[in-house]
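A closer look at the structure
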Amino acid sequence: MPVFAKSNPPETIEEHNKKIFENYERIKPFLDPEKIKKYDEVIKKIIYYHDLGKLNHKFQNKLGLSKKVIIPELKDIDEIPHEWLSLAFLSREDKRYFHTLSTDTIHFADLVQYCIAFHHTRTKPFDKKALEKTICHDLEKNKGLLGINHSLNFDYDIFKDIKQKIDSQKNFKNYFELLVFLKGILHKCDYTASANIEPESHYSGNYEKDFNNWLSKKGWHLKPFQNEAKRLSDKSVVLVASTGTGKTEYSMNWINGQKAFYLLGIRTAVNEMYRRFKDIFGENVSLLHGEISNIIEDDDTEERYVERIETARKLSTPLTVATADQLVTSVFKYNGFEMTYLTASYSKIVLDEIQSFSPDSIAAIMVFLKEVHRLGSKFLIMTATLPPFIKEELKELQNVEFPEPVLLPNKRHFITVYDEPIDSERSLKMIDKNFKSGKKILIVCNTVKKAQQMYDMLKNFNPSLLHSRYILKDRKNKESRDHGIMAVNNPKHPPVIWIATQVVEASLDLDFDALFTECSPIDSLLQRFGRCWRKREYTDNKPNIHIFKAEDNRIYDKELLDRTYSLIFNNYKNKIMDERDKQDAIFTIFKDIEKTKYYEKYKRNKELLELGFKAQSKTEAEAFFRNIAFNYCVIPRLVYEENEKEIRNLIELIDNKDTEKMQRIKAKAKIKDFIIPLQIFGNFKNLTPVPDSEYCKRNNIMIMNEVTYSYEKGLQLKDTAGEGVLID
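Residues numbered from 1 in each chain as written. Predicted model: local features only at pLDDT ≥ 70, side-chain atom pairs only at ≥ 80, totals over all residues. Heavy atoms only, no water.

What follows concerns the packing of helix α6 (residues 108-117) against helix α9 (residues 169-195). Their axes nearest at 10 Å, the elements α6 and α9 cross at an angle of 40 degrees. The angle between the axes of α6 and α9 places the two elements in the oblique class. Between α6 and α9 lies a crossing of right-handed hand. On α9, the residues touching Phe 108, Leu 111, Tyr 114 and Cys 115 of α6 are Tyr 175, Leu 178, Leu 179, Leu 182, Lys 183 and Leu 186. Partitioning the contact of α6 with α9 into residue classes produces nine nonpolar, no polar and one charged. (Axes fitted to C-alpha atoms, helices over the stretch in contact; angles between N-to-C directions. Helix = DSSP H or I, 4+ residues; strand = E, 2+ residues; numbered from the N terminus. Parallel < 35°, antiparallel > 145°, perpendicular 65-115°, else oblique. Left-handed = near helix turned anticlockwise from the far one by under 90°. Contact = heavy atoms within 4.5 Å. Nonpolar A, V, L, I, M, F, W, Y, C, P; charged D, E, K, R; others polar.)

Bringing the packing of aromatic side chains into the picture now. Counted by the stated rule, this structure contains 36 aromatic pairs. Relative to Tyr 346, the ring of Phe 30 lies with its centre 5.6 Å away and its plane at 45 degrees, an arrangement referred to as tilted. Residue Phe 30 is found in the loop between α1 (13-27) and α2 (33-49), and its partner Tyr 346 is found in the loop between α16 (337-345) and β7 (348-352); the two are separated by 316 residues along the sequence. Each ring, one from Phe 172 and one from Phe 337, has its centre 6.3 Å from the other, and the planes form 50 degrees; the classification is tilted. Taken together, the residues span a long stretch of sequence, with Phe 172 in helix α9 and Phe 337 in helix α16 at a distance of 165 residues. (Phe/Tyr/Trp six-rings, centres within 6.5 Å; stacked < 30°, edge-to-face > 60°.)

What follows covers the sheet that holds strand β9 (residues 400-401). Spatial ordering of the open sheet is given by β5-β6-β4-β7-β8-β3-β9, a layout of seven strands whose pairing is parallel. Each having just a single partner strand, β5 (285-288) and β9 make up the two edges of the open sheet. Taken together, the four bridges between strand β4 (residues 260-264) and β7 define a ladder with parallel strand orientation. Each residue of the ladder has a partner; that of Leu 263, found in β7, is Leu 351. Sheet strands touched by helix α12 (residues 247-255): β3 (236-240), β4, β6 (319-323), β7 and β8 (378-383). Its angle to β8, the strand with the most contacts, is close to 170 degrees. Against the sheet, helix α13 (residues 267-281) engages β4, β5, β6 and β7, with an angle of about 170 degrees to β6. (Pairing = 2+ DSSP bridges.)

What holds strands together in a sheet is hydrogen bonding between their backbones, with the strands either parallel or antiparallel. Pairing within the open sheet is mixed, and its seven strands lie in the order β12-β13-β11-β14-β15-β10-β16. Edge positions in the sheet fall to β12 (464-466) and β16 (575-576), since each has one partner strand and no second. The sheet contact formed by strand β14 (residues 514-518) and strand β15 (residues 545-548) spans four bridges and is parallel. Bridging from a neighbouring strand, Leu 515 pairs with Ile 545 of β15. Against the sheet, helix α19 (residues 425-436) contacts β10 (414-418), β11 (440-444), β13 (496-500), β14 and β15, and its axis sits at roughly 160 degrees relative to β14. Against the sheet, helix α23 (residues 558-571) makes contact with β10, β15 and β16, and its axis sits at roughly 115 degrees relative to β10, the strand it touches most.

Turning our attention to the domain arrangement of the chain. By a frequent convention, interface size equals the accessible area lost on bringing the separate parts together. By domain assignment, the chain separates into domain 1 (4-195), domain 2 (207-401), domain 3 (413-577) and domain 4 (628-717). With centres defined by C-alpha atoms, the gap from domain 1 to domain 2 works out at 34 Å. Tallying the contact residues gives 21 residues for domain 1 and 16 residues for domain 2. Area buried by domain 1 at its contact with domain 2 is led by Phe 176, Val 180 and Lys 188, which between them contribute 35% of it. (Domains from an automatic or database assignment. Buried area = accessible area lost by both parts, 1.4 Å probe.)

Here, the residues flagged by UniProt with the feature "domain: Helicase ATP-binding" (unreviewed entry) are residues 228-404. Helix makes up 44% of residues 228-404 and strand makes up 18%, while its end C-alpha atoms are separated by 11 Å. (UniProt positions renumbered as here; feature names shortened; annotations may be inferred.)

Here the focus is helix α22 (residues 522-529). Among the eight residues in α22, eight count as buried, and that is most of the element. Turning to α22, its buried residues are Ile 522, Asp 523, Ser 524, Leu 525, Leu 526, Gln 527, Arg 528 and Phe 529. Looking at the buried residues of α22, the elements they touch are β10, β11, β14, β15, α23 and α24 (579-589). (Buried < 20%, exposed > 50% of the residue type's maximum accessible area, 1.4 Å probe, protein only.)

Further remarks concern helix α20 (residues 448-457). Quick reminder: α-helices carry 3.6 residues per turn. Residues three or four places apart thus point the same way. Where α20 is concerned, the buried positions are Val 448, Lys 450, Ala 451, Gln 452, Met 454 and Tyr 455. Tucked into the core, α20 has its buried residues touching α19, β11, β12, β13, β14 and β22 (714-717).

Contact geometry for helix α28 (residues 644-655) and helix α29 (residues 661-671): axes closest at 9 Å, N-to-C directions at 145 degrees. The hand of the α28/α29 crossing is left-handed. In this structure, α28 uses Glu 646, Ile 647, Leu 650, Ile 651, Leu 653 and Ile 654 to contact α29, whose residues at the interface are Gln 663, Arg 664, Ala 667, Lys 668, Lys 670 and Ile 671.

This part covers the pairing of β11. Of all five residues making up β11, five are buried, and the element is well covered by its neighbours. Where burial is concerned, the two faces of β11 agree: the one with Lys 440, Leu 442 and Val 444 and the one with Ile 441 and Ile 443 are both buried. Bridge count for β11 against β13 is five bridges, and the pairing is parallel. Counted as the bridge partner of Ile 441 is Ile 497 from β13.

The next subject is the pairing of β6. The element β6 is largely enclosed, with a buried count of five among its five residues. The side-chain alternation of β6 yields two buried faces, one formed by Leu 319, Val 321 and Thr 323 and the other by Thr 320 and Ala 322. Pairing between β4 and β6: five bridges, direction parallel. Counterpart to Ala 260 in the pairing with β6 is Leu 319. Sheet topology note: the β5/β6 ladder contains four bridges and is parallel. Across the sheet, residue Leu 287 finds its bridge partner in β6, namely Val 321. Note on the crossover from β5 through helix α14 (residues 302-313) to β6: the handedness is right-handed. (Right-handed = clockwise from strand over helix to strand, strands pointing away.)

Right, let's get into the pattern of salt bridges. Tallied over the entire structure, the rule returns 57 salt bridges. Taking the shortest distance from any N to any O, the salt bridge between Glu 208 and Lys 230 comes out at 2.6 Å. Linking Glu 208 in helix α10 (residues 207-218) with Lys 230 in helix α11 (residues 224-231), this pair joins segments that are 22 residues apart in sequence. Taking the relative accessible area as the measure of exposure, Lys 230 reaches 31% and is therefore partly exposed. Here the residues in one salt-bridge network are Glu 25, Lys 28, Asp 40 and Lys 44, joined through shared partners. (Salt bridge = Lys/Arg side-chain N within 4 Å of Asp/Glu carboxyl O.)

On to the nonpolar core, then. Looking at soluble globular proteins, one finds that nonpolar side chains tend to be buried together. Counting residues in each nonpolar core, the largest one holds 191 residues, and the members touching the most others are Phe 108, Leu 182, Phe 277, Phe 281 and Phe 368. The element contributing the most residues to this core is α9, with twelve residues. Among all residues touching Leu 182, those that are not within four sequence positions of it are Tyr 39, Val 42, Ile 43, Ile 46, Phe 108, Leu 111 and Cys 115. Ile 422, Leu 465, Ile 676 and Val 707 belong to the second-largest nonpolar core, a separate cluster that totals 48 residues. (Core = buried A, V, L, I, M, F, W, Y, C linked by side-chain atoms within 4.5 Å.)

Turning to the state of the cysteines, a few remarks are in order. Summed over the entire model, instances satisfying the criterion amount to zero disulfides. The structure places no disulfide on Cys 115, whose sulfur is separated from the nearest cysteine sulfur, that of Cys 189, by 13 Å. On the basis of relative accessibility, which here comes to 0%, the residue Cys 115 falls in the buried class. Here Cys 519 stays free of any disulfide, with the sulfur of Cys 445 as its closest cysteine sulfur at 13 Å. (Disulfide = S-S within 2.5 Å.)

Right, here's the structure in full:
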């Protein structure tokens, strides 16, 4: 009688293991050959044993592929997770073999059992008596179906005998490297076998030829510093370069055809960078962020869609453009983190604009990069504004290069600073004057509320507004190249005023004629500068950068904000600020940073992670990384009412079990058009469930009341709705 591992399509344990063994052979060329030579037999045994517990009758009954079995002695006992039962099958001979690999600090049999027992995540409590009964009355009697004749072991406790030994703060660091290697291989090969995809694939075609062909089409030649990237491609690199110098092309040359991840902080920037990579490297590129399941590409069939999503999520593509959280959350060591660390260990990682993250996230990024670097990964950190304390920490690592900063020689930014808010009468008059002189103007505010107020004040100029509180359909329009904010790069674009928040700071190639901005910490402020006169030489004798005093807010560290305003006001008012000045300003602002709350927060989080802090799940890890108290997807009440018929039709398609898979996928993608992802802190009472929808309930999609919404201004809180709540 066959013993099944999967039901759709039916697959026996033997067939499933065969696929995993095949995937292991496919992944070997990417792995450390010395480790493979030493642990090859161990890996094969872990694969062989990992699913044998699926023999239990309750699991087989659940699959529904064989005649239902009832064992009277077990009818009142809950099903034991199969991976916990798999340990019963380990032979004494194999345990003795594992012990021969042990050292003073590593008990190898414990490590192997940990890899098997925790290749899934369970929250249910361990019941030793139920385990013993299941093994004695079920597995022991049916083991012959798996070709096993040795006695099974039932005297073990999953948590006391295994988990506590490996996961303890004292022992985890000793097991860490081998845990990543052995358990990471099991996860990678098992997950990809279940998804019926290749665990890894080499670049299809010729990377260098594709890159050079693209450069030729553009009529571009690599600059000397970009050519240097190839020479450094076998090292980790920290590159400081001015906005507009060509850091992306530098990264492509540094990647040099090897497996790589290109990480950014903002989903908008990720989508834009994906399009650039895809245009050059074609099907070798995957997009990876939290919303990829809602993106349908032109050539997607159901099979193609599933393969594309699974390949991205299993980190199996030669080139992946992703939000940083997709990799970095693994630093919180949730169960299953090992696959990400394993994949990173033989990959290159490009991190664009590290300063754009919060101190909590920077701490996570730094610990992650240090740990995967020691495992064999190479990283490239690229930024126009690198806080000095990060550079000093990275200098502690081996084989890391710090090329001379690449600073544009041309003078782009003539600064002036005002001791008044951005919505002052003086500011509005200057905006009026610049607009009437034919300029494309960017106004950047520190909060959505302030940006919306500026929109109202400048309504006569027909401005456009961009921030994070738009439904997806409107946000796409506002970011488009045809008639959105990206269209300003067209030299023939007429005078325009765009008002925005921090969403414009990272990796968007924008080129305005004048910038009016609230002051922000120096790294953020310089990113805003980069959206104005991006590559052009500025020769006018009037300022093109106007900086205004910021209102108090909870977004930025007050110490860094005050330092920045003071430095700019005293040192650069009514002066050209060249690229060297900008680097000097960063150094000055971050000098003695140890005394700031920003650094205290960074250091506290970094030390916690270095001590081995673990999240209970990947979801919890994502929340830690993004520093989210509650995360909601909201449909403003007005949007829901205006589109109720379409939304209800989409929900019906999604919730109906008879809906074809591709139709359901398209409906899920479409419903996102009406949703705003929001971070809500504190108690917010004006959320109500979407009526009669299991899908919305599962995904925390709510209707938001007591708010207004328009294409022009996005979501606005009414006065009483926002008390004690920060949404941004």
